[in-house]
Structure formats: C-alpha cells, structure tokens
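Examining the three-dimensional arrangement
In case you want the letters, here they are:
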Amino acid sequence: MSRTLVTSALLYANGPLHFGHIAGAYLPADIYTRALRMAGEDVLAVSGSDDHGVAITIAAEKAGEDYASYVAGWNARMRETFAALDIRYDIVSGTSTSPPHADLSREFFERLDANGYLKERTTDQLYCATDEMFLADRYVQGTCYVCGHTPARGDECPSCGTWIDPLKLKEPSCKICGTAPETRSTTHWYLDLPKLRDEKIGAWIKGHEWKSNVAGFIENLLEDVPERAITRDMKWGVSLPASVGERGEGKVLYVWFDAPIGYISFTKELMVERGTPDAWKDWWQSEDTSLVHFIGKDNIPFHCLVFPSMLYGAKDGYVLPAHVPANEFYNLKGGKFSTSEGNAFDIPNFVEQYGADVTRFYLCSSMPETADSEFSMELFIQTANTALAGTIGNLAQRVLKFIDKNAEGKIPAIHDDHRAEMDACILNECGAIEDPVEHIRAFRFRRAAEAIVQNAAVGNRFIDQMAPWALRKEDPVKGESSLATLCEWLSWTARWMAPIMPTKAQELWSMLGQQGQVLDQPAPGLPRAETWRTLRAGTPLGEIVAMFPRLELPETE
RNA sequence: GGCGGUGUAGCUCAGUUGGUUAGAGCAGCGGAAUCAUAAUCCGCGUGUCGGGGGUUCGAAUCCCUUCACCGCUACCA
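Here we summarise the structure given alongside this text. Per chain, residue numbering runs from 1 following the sequence as it is written. As a convention, the first chain written is A and the first ligand written is 1, with the rest following in written order. pLDDT decides what is reported in this predicted model: residues at 70 or higher carry local features, side-chain atom pairs at 80 or more are listed and counted, and totals for whole chains, interfaces and linings draw on all residues regardless. To get the side-chain values, take all heavy atoms of the structure and skip hydrogens and water.

**Notes on the overall build of chain A**
- Only DSSP runs of H or I covering at least 4 residues are called helices, and only runs of E covering at least 2 are called strands; the numbering of each starts at the N terminus. Helix and strand counts for chain A stand at 18 helices and 16 strands.
- C-alpha atoms of chain A, sized along the principal axes, occupy 95 × 55 × 40 Å.
- Relative accessibility under 20% of the residue-type maximum defines a buried residue, over 50% an exposed one, and the middle range a partly exposed one, all with a 1.4 Å probe and only protein chains included. Across the 557 residues in chain A, those meeting the buried criterion constitute 55%.
- In chain A, of all internal contacts separated by at least 6 residues, the share reaching a separation of at least 24 is 77%.
- Separation between the mean location of the 54 positive side-chain charges and that of the 77 negative ones in chain A comes to 2 Å. Note on contacts: a residue pair qualifies if any of its non-hydrogen atoms lie within 4.5 Å across the two residues. Only four residue types enter the charge count, namely Lys and Arg as positive and Asp and Glu as negative; His and the chain termini do not. A charged residue contributes its charge at one atom only: NZ of Lys, CZ of Arg, CG of Asp or CD of Glu.

**Description of the pairing of strand 14 (residues 289-294)**
- With six of six residues buried, strand 14 lies mostly within the body of the structure.
- Residues Thr289, Leu291 and His293 line one face of strand 14 and the alternating positions Ser290, Val292 and Phe294 line the opposite face, and both faces are buried.

**What to know about the pattern of salt bridges**
- Salt bridge, as used here, is a side-chain nitrogen of Lys or Arg placed within 4 Å of a carboxyl oxygen of Asp or Glu. On inspection of all chains with the given rule, the structure shows 25 salt bridges.
- Where Lys119 meets Glu227, a salt bridge forms, and the shortest distance between an N and an O atom there is 2.7 Å. Placement of the pair is Lys119 in strand 5 (residues 118-128) and Glu227 in the loop between helix 6 (212-223) and strand 11 (228-229), with a sequence separation of 108 residues.
- Taking the shortest distance from any N to any O, the salt bridge between Glu199 and Lys315 comes out at 3.5 Å. With Glu199 in helix 5 (residues 193-207) and Lys315 in the loop between helix 9 (300-313) and strand 15 (330-332), this pair connects stretches of sequence that are 116 residues apart.
- Of the residues examined, Glu199 reaches a relative accessible area of 40% and is grouped as partly exposed.

**Remarks on unusual backbone geometry**
- The phi torsion at Lys315 lies on the positive side, around 50°, for a residue other than glycine.
- For Lys315, a relative accessible area of 40% puts it in the partly exposed group.
- With a phi close to 45°, Ala467 is a non-glycine residue in the positive phi region.
- Considering the arrangement of structural elements, one finds Ala467 in the loop between helix 15 (445-466) and helix 16 (468-474).

What follows is the structure, encoded as structure tokens:
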C-alpha cells in the first residue's frame, strides 16, 4: 500500500510562529494531510522544532534562560498555535528532546563518513576567550580592511559591500562581549556535496519534476555547490560520534545537519510510542512512500539538495522526496511579518477573535503559492463576509431555515418525477463544479479554496432558479424535491470544505442531522447523477446556527 | 557588489511547453428576486500585460537592455 509522509519545516526555536510560517509550511501540510486521509490514504504528518545553533544559545543567554528551557518555551508556543488553528500532526517534537535524535544524527555522520562523503579540514577562526566560543561571522565586527569603514560586520562591509574575511578584519571585536578575539585553528568535517551531486543527486534533481517556483531556483544552485562544514565548536547540539575520538571533543553537529534528520527521529519516536519501534522504516526506507516536504522558499536548498544528498549518501535505503511544494513568502501588508517589530499577530489571540476556520480559509486563499503574497486585514474581513458568510453560510442558512419553517425540519424526499430535472439543473446547468481535493493533491491550495466557494455558488443559483418559496404554493411536491436536492448539495459542501475548514464543515454536517465526523466520510470527488444522492429523507435536522457571522474591520487598523 | 524574485484591470492575484477577441475574485455601475446573516442571482471591463529594443508568421509568455520595489548573501537558519 502506498503511503504519504508529510513533513513541515521545523520551526527554528528562537521565536513564535507567524502567519508567514503558517501559510508557508504548516497550513498547507495540514490541509493536504486531511484531504489525503479523506481519500482513504495512509498518511503520516511530522513536524517540530529545530533547537540547536548559535543564534539560540545567544538568545537564551540574553533572556537569562538555560538553553533547554528557552527552546522548550518556543516549542510550547508552537503547539499552542497549532492547537488554536486546528493544525494537527501525528507528532510535534524537537531536535533537542526527541530521544532517538542524537544517535540517529551521529549514525548519519558515521555512515556518510564511511561512504567517503565527509572531509576533515583544519582552518583558522576567530575565538573569543571571554565567551569561550568560536565566533560566527555575524558575531564579529571591526574596521573594514578595504575602505576603513567602522563598524563592518564579519561577513560584509555595509559601506563598500566587500565580502569580509573575518580573519583580516582590523581591530576585530566580539559582538557579544566587545573584547578582541584571538585566532585559533580548529578542525571540522565537511560534507562533500560536489561528490554527491556528481554521483547521483545532480541527475536526480534534473530528472525530477519540481514545482515551478522551485525549479528555477535549484537549477542554478547545482552549478556552484560548495563543500559545507557540518560541525561546530560549541556545546549546545548533538555531540560527535565516539568513533572520531578526541578530535571531536567540544564539537557538535552543525544545526543544519541535524535539523532535517529530525523528521526521521520524530517518526522513530512516534513509532516507539505506538509500540512498533521498527515501523518508521516503512515510512522512510520503503519504495512505497511518497515523501512530501512543506517548506518556505528559504529552505529550498536544504530540502532539494542537501538533505537528499544526506539521505542518499547514508546508503541505507532512504527515500528521496517526491514533492517539495515550497511556498514563497507571505508578507504583512506594507511590510513583512517580523517577530521583533511587533507587527506579527499573536495567532491564538487572533483566532479567538475571528475563528480558526475563517483564518485557515483566508490564509489558504491567499497563500504565496507561486509568488510572494500578502496578508491584508481588509481582505481578510472581506473574504469572511463575501465568500464565507455570503456564499457558503448563507446557502446553508436559507435552505435549512426554509425547511425548518415549511418542511417540518426534516430532510425532504426527492420525488421520482423531478429527479432527472433537478440533477440536470444542479449538476450541469448551474455552473462548473470542481473537486477541491483534486486541486489540493496538485498543491493548488488557493484554487481549492476558490472551488469550494464556486460550488456553493452553484447551490445558490439552483435555489434562485427553483424558487422553493414560490413552488410551495404552485407545486409543493416539486418544492420538496428541490429542497431535498439542496440538502444533498449541502452535504457535499460540508465534505468539500472539510480539509480546509474542518470545524465549520462538521457544523454543517451536524445541521443536516448527519451522524459521525464529516472528516471520516470518504472524499466526495465530483457528483454523478446516478450516485450522488445519499441522504435519507425524513432525517431530522440538527440545530441551525449561523456558520459564519459577519465580521467588521477593527478600528485600530 | 553578487544571486534571486516581483512589476498583468481601482485592489488581491491566475495566466500551463509562445498562438483564436489577456482571465478570476473583490470593489464599482445597472437590473431581478425576497427563502436567507441587506446575505442571493443576472448583466456591464477600449487594461500601453513597468519602459525600450530584438527573435518569430505570431510574445504577457523567449533574448538583450532599462527603471522601480523586495528578498537573500551561505559558521544565517
């Protein structure tokens, strides 16, 4: 049986999730997972936090917290945000807490080494004796040796644009404590990406079909692939395997190396919890698995080149990604989402005010699929009121209330005399019908959201055309048939909505008097005249509520 | 500086491997209907596809150039 393994980019644990992350990597993964599951497929969804790296240690020290609790704090915030938005994974873990992670990461190191893909190299680097650490370029400043500008960062001079070699910087100082660093030599391991590219990954990338916005990016990436260091001189991280001996002392795996391995570690962790410790191999080392990485465009090099290189280089039967549906960036109108500037919404707060499904729908319909896009409060409110309250919510309301008043609150029967006419009208004459799940499978999320609304509009045309309020007097039996048809349509609407708006879909499902969870229903696909009617006449409706209350633009905007 | 992206109707965006009169949603204008959360339905767009040049029988779609805005610049994740 084929399986789909869905991953969402691990959140770097030094800040909260904002809508850019959500629209880029998490919401699409959740929608995709739900849609495939409705279609009866076996799906595993994995995500979590990326906990290592210098940025985190510095931020934690600034905050006066130890690394582990600092990271745990952001991880907890991430879970809250997922809960608020109803984004679900089979496991959300963290690279510093997942039990199998350190060993598995070391195993990757050893296998890559044994297979000849690692190189050891000694270089000089700046070392701060006060902070007891080698300084990354961005943590050094000094005077530019080309133009004399001060301060110049360790990587680039803001004045003349020269690429700075930190070792040549005049009067270098540590950005953290301000003291002058010294030069020390250190040994590191490098991943031989050029070799991996030439052996396999280059051809694989060229032969693979990528999303259009990904394709261009990685092609020219291939031209100039560097060997990349995969170790660092610091304490916070995964220590090197014992097999490298004392040369590995005081060193850890570089954060980008261990981070993607987290996807595998978390899967292992989950399978251990489930009592099937070997089952992770069915997902990671089976030809039947379709591996899908949801990421933002900043992660394209890692997920299309580096991580596949690692998976291949381990030579342990790992699958390579089938799809990397990277999104572009989602900006806040007039700027970008930034945690530091306070122009990022507090998501749980936002959701409490406007509702999870409305938020999910708007993010889905404005997702940066092919180009950067933006979040606008005005458009959010407008979308909620026109597409959701107006087209979908109102369809449910006008049909169900009418039945409540005029048809005893039970699903009416379709009469044989009218069946053909009604089917032809709603299935063929009231407008094009699209299957949202089909779009979701193709990673066309915006189109999927649009399709749901379009299908609801078909229902609105049908009711306007049939005018059951007039038929009630002229031809009551036909009126009932039209209402029966509309109830069927609403049940399809609920199922079409489910992956994107699970809670609202369930609400509609219950209003129709249906039992169980709408997400447990098979994905509906497109209705066909012979088989599309499934409701039982006489079923009493549930309590009728307004699905999408109209929203107003806040004054403060 | 380098690399990359974007620039299509008032707004947000689609435009597949170049090909009939360049599309959607929202907003706007006109009309119909009144079951419904003043929610629905119908009709209405002469857009220099940022500017300029080129390739082609034919380009928003390929090439060159130019302007504007944006992102990244790899011991940053």
